[in-house]
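# Coordinate analysis (summary)
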Amino acid sequence: MSQSFASFREFYPFYLGEHSNVVCRRLHYIGSLLVLVCLALALLRGNPWWLLAAPFCGYGFAWVGHFFFEKNRPATFSHPLYSFVGDWVMLRDMLVGRIRF
């Protein structure tokens, strides 16, 4: 059964707990950065096909991290919006040094 959260602030500690494995966090980091690369290429080259690659990069790397290293079910399946926001907040937290990766 899925847990219920009243806000993203309440969800984020749960989200971080689902990413305790360092390899999983690194795969999220790589996937998120590749999403940004895909978006930049779509804009700079005027080629919208790069937009199709973005979700494959982001979710592909993240789900490999969950299924093979974290050994849990991605929060995307039960909390898609909060999970999407959590990916970007976690990336920011990794870039500024709040989270080790």
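The paragraphs below set out a description of the structure included in this document. Just so it is clear, the structure is predicted and the values come from calculations on it, not from any experiment.

Tallied over the full model, the rule gives 0 disulfides. Here C24 is not disulfide-linked; the sulfur of C57 is the nearest cysteine sulfur, at 16 Å. Free cysteine: C57, not disulfide-bonded; nearest cysteine sulfur from C38 at 3.9 Å.

A separate point is the side chain of D87. When you line up the elements, D87 lands in helix 4 (residues 80-95). Of the side chains with opposite charge, R25 lies nearest to the buried D87, which makes no salt bridge, at 12 Å.

Looking at the element boundaries, Y12 is found in helix 1 (residues 8-17). The sequence separation of Y12 and G86 amounts to 74 residues, and the corresponding C-alpha distance is 6.5 Å. Leaving out residues up to four positions away in the same chain, Y12 has contacts with G86, V89, M90, D93 and I99.

A cluster of nonpolar side chains, contributed by V64, F67, F68, F69 and F77, occupies part of the molecular surface with about 480 Å² of accessible area. Accessibility expressed as a relative area gives 36% for V64, which makes it partly exposed.

In a pair of packed helices, the angle between the axes and the distance between the axes together describe the arrangement. Where helix 2 (residues 22-45) meets helix 4, the closest approach of the two axes is 10 Å, and the angle between their N-to-C directions is 105 degrees. As judged from the angle between their axes, helix 2 and helix 4 are roughly perpendicular. Across the interface between the two elements, R25, H28, Y29, S32, L33, V35 and L36 from helix 2 touch D87, W88, M90, L91, M94 and L95 from helix 4. In the contact of helix 2 with helix 4, the residues fall into 9 nonpolar, 2 polar and 2 charged.

One finds F5, F11, Y12, Y15, Y29, A75, V89, M90, L91, M94 and I99 forming the largest nonpolar core, which totals 11 residues. Counting only elements with at least two residues in this core, the list comes to helix 1 and helix 4. With 4 residues, helix 4 is the largest single contributor of residues to this core. The residues touching F5, leaving out its near neighbours within four places in the chain, are E10, F11, F14, H79 and Y82.

Our focus in this paragraph is the packing of helix 2 against helix 3 (residues 49-70). Two numbers describe how helix 2 lies on helix 3: the axes approach to 8 Å, and their chain directions differ by 175 degrees. Regarding the angle of helix 2 to helix 3, the classification is roughly antiparallel. In terms of residue class, the contact of helix 2 with helix 3 is built from 19 nonpolar, 5 polar and 2 charged.

Each value, and the rule that gives it
- Residues numbered from 1 in each chain as written.
- Predicted model: local features only at pLDDT ≥ 70, side-chain atom pairs only at ≥ 80, totals over all residues.
- Heavy atoms only, no water.
- Disulfide = S-S within 2.5 Å.
- Helix = DSSP H or I, 4+ residues; strand = E, 2+ residues; numbered from the N terminus.
- Buried < 20%, exposed > 50% of the residue type's maximum accessible area, 1.4 Å probe, protein only.
- Lys, Arg positive; Asp, Glu negative; His and termini not counted.
- Salt bridge = Lys/Arg side-chain N within 4 Å of Asp/Glu carboxyl O.
- Contact = heavy atoms within 4.5 Å.
- Patch = residues over 30% accessible without salt bridge, like charges linked within 9 Å, V, L, I, M, F, W, Y side chains within 5 Å.
- Areas by Shrake-Rupley, 256 points an atom, 1.4 Å probe, with all protein chains shown as cover.
- Axes fitted to C-alpha atoms, helices over the stretch in contact; angles between N-to-C directions.
- Parallel < 35°, antiparallel > 145°, perpendicular 65-115°, else oblique.
- Nonpolar A, V, L, I, M, F, W, Y, C, P; charged D, E, K, R; others polar.
- Core = buried A, V, L, I, M, F, W, Y, C linked by side-chain atoms within 4.5 Å.

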